[in-house]
Number of protein chains: 4
Amino acid sequence: MLGFALFGAGRIGRMHADNLAASADAKLVSVYDVHGPSADAVAGKHGATVAPSVAAALDDGAVDAVLIASSTDTHVDLITAAAKAGKAILCEKPIDLDSSRVARCWQDIRGLGVPIQIGFNRRYDPSHRAVAEAVRAGEIGTVEQVIITSRDPGPPPADYLKVSGGLFRDMMIHDFDLARFVLGEEPVEVFATGDALFDENARALGDVDTAMVVMRAASGALCHINCSRRAVFGYDQRLEAFGSRGMVRSRNRRPTTVERYTETATGTRDPLLNFFIERYQEAYVAEIADFIARVEKGEPLAVTFEDGQKALLLADAANESRASGRAVKVAG
Amino acid sequence: MLGFALFGAGRIGRMHADNLAASADAKLVSVYDVHGPSADAVAGKHGATVAPSVAAALDDGAVDAVLIASSTDTHVDLITAAAKAGKAILCEKPIDLDSSRVARCWQDIRGLGVPIQIGFNRRYDPSHRAVAEAVRAGEIGTVEQVIITSRDPGPPPADYLKVSGGLFRDMMIHDFDLARFVLGEEPVEVFATGDALFDENARALGDVDTAMVVMRAASGALCHINCSRRAVFGYDQRLEAFGSRGMVRSRNRRPTTVERYTETATGTRDPLLNFFIERYQEAYVAEIADFIARVEKGEPLAVTFEDGQKALLLADAANESRASGRAVKVAG
Amino acid sequence: MLGFALFGAGRIGRMHADNLAASADAKLVSVYDVHGPSADAVAGKHGATVAPSVAAALDDGAVDAVLIASSTDTHVDLITAAAKAGKAILCEKPIDLDSSRVARCWQDIRGLGVPIQIGFNRRYDPSHRAVAEAVRAGEIGTVEQVIITSRDPGPPPADYLKVSGGLFRDMMIHDFDLARFVLGEEPVEVFATGDALFDENARALGDVDTAMVVMRAASGALCHINCSRRAVFGYDQRLEAFGSRGMVRSRNRRPTTVERYTETATGTRDPLLNFFIERYQEAYVAEIADFIARVEKGEPLAVTFEDGQKALLLADAANESRASGRAVKVAG
Amino acid sequence: MLGFALFGAGRIGRMHADNLAASADAKLVSVYDVHGPSADAVAGKHGATVAPSVAAALDDGAVDAVLIASSTDTHVDLITAAAKAGKAILCEKPIDLDSSRVARCWQDIRGLGVPIQIGFNRRYDPSHRAVAEAVRAGEIGTVEQVIITSRDPGPPPADYLKVSGGLFRDMMIHDFDLARFVLGEEPVEVFATGDALFDENARALGDVDTAMVVMRAASGALCHINCSRRAVFGYDQRLEAFGSRGMVRSRNRRPTTVERYTETATGTRDPLLNFFIERYQEAYVAEIADFIARVEKGEPLAVTFEDGQKALLLADAANESRASGRAVKVAG
């Protein structure tokens, strides 16, 4: 049984709290949020205490681990404080928008030996994960191409966008991580292009709402990612791995298996599950379960701080490539 | 918040207990099972008390409702006792194997005005339910044909089979109910045939493991049900409604959306979800949520005692038809 | 190279003429039709002669084989005449609507040793055929259930219906043959029911437009056929074989592989190919190719006169069952 | 009725000859091939004459049009000669490997007013074409992303590869054309990368067997193409158009609609149709039919010389991008 402090009681924090409450192996001990009523609501729902401060939460002996689901700019400080307090850490992505700040954080904490995991939930999606496992098991022989489709149902609000770090670091960072997970090796070159085709807010910020990336790994394997901030038919999340002996892919998920046949159309299905909380529900549950199990057994965690760092470097390279029109080399 | 006593702590009772525990609107108050250690385990897991007897459980003011998940032969007595104690009742199917006993039970309790629901879980499956709702909304015009595929992954143990009442009353009773739910009217004629093709236990009992039924409703609409006690690829659960303006159907469910492509085959997917606890997980949760919501609002329940009775009469008619080789008329 | 006389230059005759013209192994020598202009048109298109009479066509030494695509009531006489003239025969289904007349025909010709094949085109459909071959190869182990879905896009004109012999002998006869083909054994019992739910012409004739059949084979294997004279979404033709080791099925065919995704629906596909000439185009071509190859090699033909007879007997049994409400035994 | 001379009697020439023979609106008049026996075989099969020379074929008044299916290096001379002889021209892709030679050819012939079409067969595939038509009809709103998957079943022989002009000009040229067809506007920027991952012959030639391209159009719409010279599961040909109001895509084609279900897998389908002659059979037939119809009506042809030129320029840009690691601008 692992005792948790939750930092951040917004949408994703509330979901994690529900998952902790439903787990037989976790206990939500305390909740902290700069917005008091949010913390009150989550703590009240699950019988946890409201921590008066981060320090108080970390000082509590009943707290074994922290789940960081607050805004991105708070992650590094919370990670550092929790690491110094000797708590296991599960932190939402991205670690930070500034890779040098991330590097410094890593220098500060790596010697402390505290288990830390970054919340790349897609690695725990049963379908995406089965693709990665099939690749690793050699089912498709040598990997030659990975194709990731990643489209949100609709653009985020302007306020969110402003502090998001841009599409590559905010949204596609998941896909960079997924690419590394499936390729089984590091990309060494990144090309990116994109534009703001429909979202005025993105355009005003110099950000993009539509993007395509091609990456090359040292082996020569190629990876394509296509992203859009808007898919009217739902949350479009697909993964395809292609190799010398075949292909394995994960397809979209829908709320039901219903098909309709009418005079003008056949095989018509529901819109896709919408949005990440619905689509990746099983993944979030599996993520926490795996985190708890590994922390309790003292095993290395599955998604490391360095994974968070590397995905961020790929996002940075994508930004640079988009600006320069060149493929940008990254350290493998 | 509805307080529940659970009668029966076997496989399906344990699942219901988990679902009650996960519901914000229910509280598992007590558990009773003739096998003490089973009751202990479930009660212990969820912080409920172990009831020393049915009477004690029903005597408890904290118990608003009972969930009956014990063996079929105990249902009528438990229903009757709970009804007399004024508790709302959610009882697993079938009510009983003997339709005259069911009729007497109904006579005993109908005047008591107690809410009672029979556990035809498939009505709550999001996919099957969407089919029924599309039919009711007129999407396919006049219903002309309903086709139900219902195949278990493997035959039950001999001990279970002996007291099961036979395939039509034990297994196909779900499909009879589903047929009524989708047709929106009563079958008036039943033809059934079947054989024990692979299960020696079924053969020894004069039971079947493979069966086909055709039913006719008063409007002339037809319904086919095919059942098997064994599908090596998983739990095969499909529903098709066909009418003057089109068709709507629900297809099987799998654990992932993964597809494999190899030198010899493409589009290969996982075996089907296996078995009812996995396949109908969402349905069981929705069933209890709907039961609770209606009991609390004092609304009529969605699946009535008479629904349980009518499905049983169709099963009886199927048995008679199989024996006589004739289509058997049933009161609509 | 086999020289053909074509009897009957209606819709299906014209299609056969096109297929003969496209075959490198066939030559359309002559065409006969009671309606002269029809014969003229087909003969003109393909450079064949118009035969002044059936006798003249059969008297022509360049004619090795006859393709009978005229109205059903002419089949027996044409078969008999062609057989006496020593021509190989490919005759559209059904042989005749009267099974005693069919039996007499068989008595008249069986001694003549002339190759004769009945036009059950579905045996040559690549998808249905692959199902039958998988069954025969033991892929699904012992066959336990066969399910056939057979729905026409719309009801035939009243004139056609009047002489059609009714749904079971006109339309479902294809499915009876397909059932025998896939089961690999003879049905020994037939139950049928149905109604005229939408077609006033069928109702006026005492015919049905919607029907369901269940058949039992000697092994206990079961077969269900569902038929409708109207499917607004196209020609619904599906086949499913289920057994001890798995299932194999053929699904519907569409003109393209296009899928559409919109705000309200995903995966939307075209209406089904419509109608038999489109859906079974490849089957008709393969049928004639196989007929020619076997005739030329002197091999037994793949779909025999007796196959035509047996399908008709099953249709007769279905009519009897529908009238009596009983399962009707047939000689296996 | 259009009389054709066929130049080139190899695999693709033979296929075109069969299609001309099956068309009621075309007549194969003569065949020329540098390899005499090939010409003899095709001419013999279809009752055409063997032309002793190109000049002789072009001199024949019965020849209205030429179909150029000879090796790529002969295309420009044949086009020029045929144009000067006033024949309508249907020429296989690519026009030539050297874009300056193509430009000179265009200068030589454009004033002659001869109808000329380039054989980009995919525009005539019913499924890809339906995607393009849906886009043009505004079904998906503004086009934002186009994704093309294009994988051959296996690499070509070394001899072919040597004269192929490399993957971008030989194979992906089809996809460049398809991209233009679907986007409805010109790409203005091309990024390409790739490697020889499995084909020693490609590696020896400095060619690639695996490639990914991203293109940007003036509107900001993006297009991704992924190519491989080997897909063990067949000929992988998919097209996806994504826009502001939805998505439309064409999926792969298989020989049958059969699905298999076993203990370990479900929904298993055939390998994909393999190779272009099978996959694009309908497209090749439609291409010639459209060419004939437009020539006879004097209408502009659907796929112009300039289409051939523009696809080649995109391939050249891809080569340059691959060499430089930069996105290369092209005149829109």
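Think of each chain on its own: its residues are numbered from 1, step by step along the sequence as written. Key to labels: chains lettered from A, ligands numbered from 1, both in the order written. Thresholds applied to this predicted model are a pLDDT of at least 70 for local features of residues and 80 or more for the giving and counting of side-chain atom pairs; totals over whole chains, interfaces and linings are not thresholded and use all residues. Hydrogens are left out, water is left out, and the side-chain values use all remaining heavy atoms of the structure.

## Side note on the interface of chain A and chain B
Throughout, a residue-residue contact means that at least one pair of heavy atoms, one from each residue, lies within 4.5 Å. In this complex, chain A contributes 24 residues to the contact, which on the side of chain B involves 24 residues. By definition, the buried area sums, over both parts, the 1.4 Å-probe accessible area that each loses when the two are put together. Among the residues chain A hides against chain B, the three largest losses belong to Thr 257, Glu 259 and Tyr 261 of chain A. Together they make up 30% of the total. By definition, a salt bridge exists where a carboxyl oxygen of Asp or Glu is found within 4 Å of a side-chain nitrogen of Lys or Arg. Notably, a salt bridge pairs Glu 259 of chain B with Arg 249 of chain A, separated by 3.0 Å at the nearest N-O pair. If you list the elements that add at least two residues to the side of chain A that touches chain B, you get α6 (126–136), β12 (246–250) and β13 (258–261) of chain A. For this scheme, ten residues count as nonpolar: Ala, Val, Leu, Ile, Met, Phe, Trp, Tyr, Cys and Pro. Four count as charged, namely Asp, Glu, Lys and Arg, and the remainder, Gly too, count as polar. Of the residues belonging to the side of chain A that touches chain B, the class tally is nine nonpolar, seven polar and eight charged. Taken together, the four bridges between β13 of chain A and strand β12 (residues 246–250) of chain B define a ladder with antiparallel strand orientation. Each helix is a run of DSSP H or I of at least 4 residues and each strand a run of E of at least 2, with the numbering of both proceeding from the N terminus. Strand pairing is defined by DSSP finding a minimum of two bridges between the two strands.

## Some words on the relation of the copies chain D and chain A
Least squares is the method used to superpose the copies, on C-alpha atoms of residues holding a pLDDT of at least 70 in both. In screw terms, the move from chain D to chain A is a rotation of 180 degrees and a rise of 0.0 Å along the axis, fitting with an RMSD of 0.0 Å. Taken together, these values place the two copies in the relation of a two-fold axis. Judged by C-alpha distance, Arg 326 of chain D is the residue of chain D that lies nearest the rotation axis, at 2.1 Å. Taken together, the interface assignments show that 100% of the residues at the interface of chain D recur at the interface of chain A, consistent with an identical surface on both copies.

## Brief notes about unusual backbone geometry
In this chain, Lys 93 of chain A is followed by Pro 94 of chain A through a cis amide linkage whose omega measures -15 degrees. By secondary structure assignment, the location of Pro 94 of chain A is in the loop between β5 (88–92) and α5 (99–109).

## Observations regarding empty space enclosed by the protein
Here a cavity means grid points, on a 1 Å grid over the protein atoms only, where a 1.4 Å probe fits yet cannot get out; a pocket means an open set of points with protein on both sides within 12 Å along at least five of seven lines; lining residues are those with an atom within 4 Å of a point. Grid points are joined across faces, edges and corners, and a volume is the space filled by probe spheres set on the points. Tallied over the full model, the rule gives six cavities of 30 Å³ or more. In this structure, the largest cavity occupies an estimated 260 Å³ of space. Surrounding the largest cavity, 18 residues form its lining, Arg 238 and Glu 240 of chain A together with Arg 238, Glu 240 and Arg 249 of chain D being those nearest its centre. Of the residues assigned to the lining of the largest cavity, the class counts are four nonpolar, six polar and eight charged.

## A short note on the side chain of Glu 144 of chain B
Mapped onto the secondary structure, Glu 144 of chain B falls in strand β7 (residues 143–151). At 2.4 Å, the side chain of Glu 144 of chain B and the side chain of Arg 230 of chain C are in polar contact. Residues contacting Glu 144 of chain B, with those up to four places away along its chain left out, are Ala 221, Leu 222, Phe 242, Gly 243 and Ser 244 of chain B together with Leu 197, Phe 198, Thr 210, Ser 228 and Arg 230 of chain C. Throughout this description, a polar contact denotes any pair of N or O atoms lying within 3.5 Å of each other; where both atoms belong to protein, one of them has to be capable of donating a hydrogen while the other can accept it, and for residues adjacent in sequence the pair is counted only when both atoms sit in side chains.

## Things to note about the sheet that holds strand β7 (residues 143–151) of chain A
What the eight strands build is an open sheet, ordered β14(A)-β8(A)-β9(A)-β10(A)-β7(A)-β11(A)-β12(A)-β13(B); its pairing is mixed. The open sheet terminates on both sides in strands that have one partner only, identified here as β14 (328–329) of chain A together with β13 (258–261) of chain B. The pairing of strand β8 (residues 187–195) of chain A with β14 of chain A spans two bridges and is classified as antiparallel. Among the inter-strand pairings, Glu 189 of chain A is bridged to a residue of β14 of chain A, identified as Lys 329 of chain A. Note on method: axes are straight lines fitted to C-alpha atoms, helices fitted across the in-contact stretch only, with angles between N-to-C directions ranging 0 to 180 degrees. α6 of chain A contacts β7, β11 (236–243) and β12 of chain A together with β13 of chain B of the sheet and is inclined by roughly 160 degrees relative to β12 of chain A. Here helix α13 (residues 305–324) of chain A sits on the sheet in contact with β8, β9 (210–217) and β14 of chain A, set at roughly 55 degrees to β8 of chain A.

## Describing the packing of helix α5 (residues 99–109) of chain C against helix α13 (residues 305–324) of chain C
Residue and element names in this part refer to chain C. Following both chains from N to C, one finds α5 and α13 inclined at 165 degrees, their axes separated by 10 Å at the closest point. Our classification of the angle between α5 and α13 gives roughly antiparallel. Along this stretch, α5 crosses α13, giving a crossing that reads as left-handed. When α5 is examined against α13, the residues Ser 99, Val 102, Ala 103, Cys 105, Trp 106 and Ile 109 are found in contact with a partner set consisting of Phe 305, Glu 306, Gln 309, Leu 312, Leu 313 and Asp 316. Split by residue class, the contact of α5 with α13 holds eight nonpolar, two polar and two charged. The scheme is simple: roughly parallel for angles under 35 degrees, roughly antiparallel for over 145, roughly perpendicular for 65 to 115, oblique for anything else. For any helix crossing, the convention is left-handed if the near helix is rotated counterclockwise from the far helix by under a right angle, and right-handed if that rotation is clockwise.

## Quick look at the interface of chain D and chain A
Listed as interface residues are 43 residues of chain D and, on the opposing side, 43 residues of chain A. Both sides of the chain D and chain A interface together cover about 3,400 Å² of buried area, and 57% of this is carbon and sulfur. Ranking the residues of chain D by area buried against chain A places Gln 145, Met 212 and Phe 242 of chain D at the top, with a combined share of 16%. Seen at the junction of chain D and chain A, the total is six salt bridges.

## Section: helix α2 (residues 36–46) of chain B
All names here are of chain B. Among the residues making up α2, those that are buried are Ala 39, Val 42 and Ala 43. Along the axis of α2, the buried residues cluster in a sector spanning 95 degrees; they form a single face. Away from its buried face by more than 90 degrees, α2 exposes Pro 37, Gly 44 and Lys 45. Of the residues flanking the end of α2, it is Gly 47, one or two places downstream, whose phi is positive at about 65 degrees. A 1.4 Å probe rolled over the protein chains alone gives each residue an accessible area, and that area as a share of the maximum for its type sets the label: buried under 20%, exposed over 50%, partly exposed in between. Here, the arc refers to the directions that run from the helix axis to the C-beta atoms.

## Looking at the sheet that holds strand β4 (residues 65–68) of chain C
Residues and elements named next belong to chain C. Here six strands make up an open sheet; going across it, the order is β3-β2-β1-β4-β5-β6 and the pairing parallel. Where the open sheet ends on each side, the last strands, each with one partner, are β3 (49–50) and β6 (116–119). Two elements, strand β1 (residues 2–7) and β4, share four bridges in a ladder whose sense is parallel. Its bridge partner being in β4, Phe 7 is matched across the sheet by Ile 68. On the sheet, helix α4 (residues 75–84) packs against β1, β4, β5 (88–92) and β6 and is oriented at approximately 170 degrees with respect to β5.

## Notes on the domain arrangement of chain A
How big an interface is tends to be stated in terms of accessible area lost as the parts join. Residue and element names in this part refer to chain A. Its domain assignment divides chain A into domain 1 (2–114) and domain 2 (122–280 + 303–329). All domain edges in this entry derive from an automatic or database-based domain assignment. Distance from the C-alpha centre of domain 1 to the C-alpha centre of domain 2: 27 Å. Opposite the 16 residues of domain 1 that make contact, domain 2 presents 18 residues. Across the domain 1 to domain 2 interface the summed buried area is about 1,400 Å²; carbon plus sulfur atoms make up 70%. Where domain 1 touches domain 2, the interface holds one salt bridge. Run the count over domain 1 and domain 2 and you get three residue pairs in polar contact (both at pLDDT 80 or more). Listed by contribution, the elements that provide at least two residues to the side of domain 1 that touches domain 2 are α1 (11–22) and α5. For the side of domain 1 that touches domain 2, the element with the most residues is α5, which contributes six residues.

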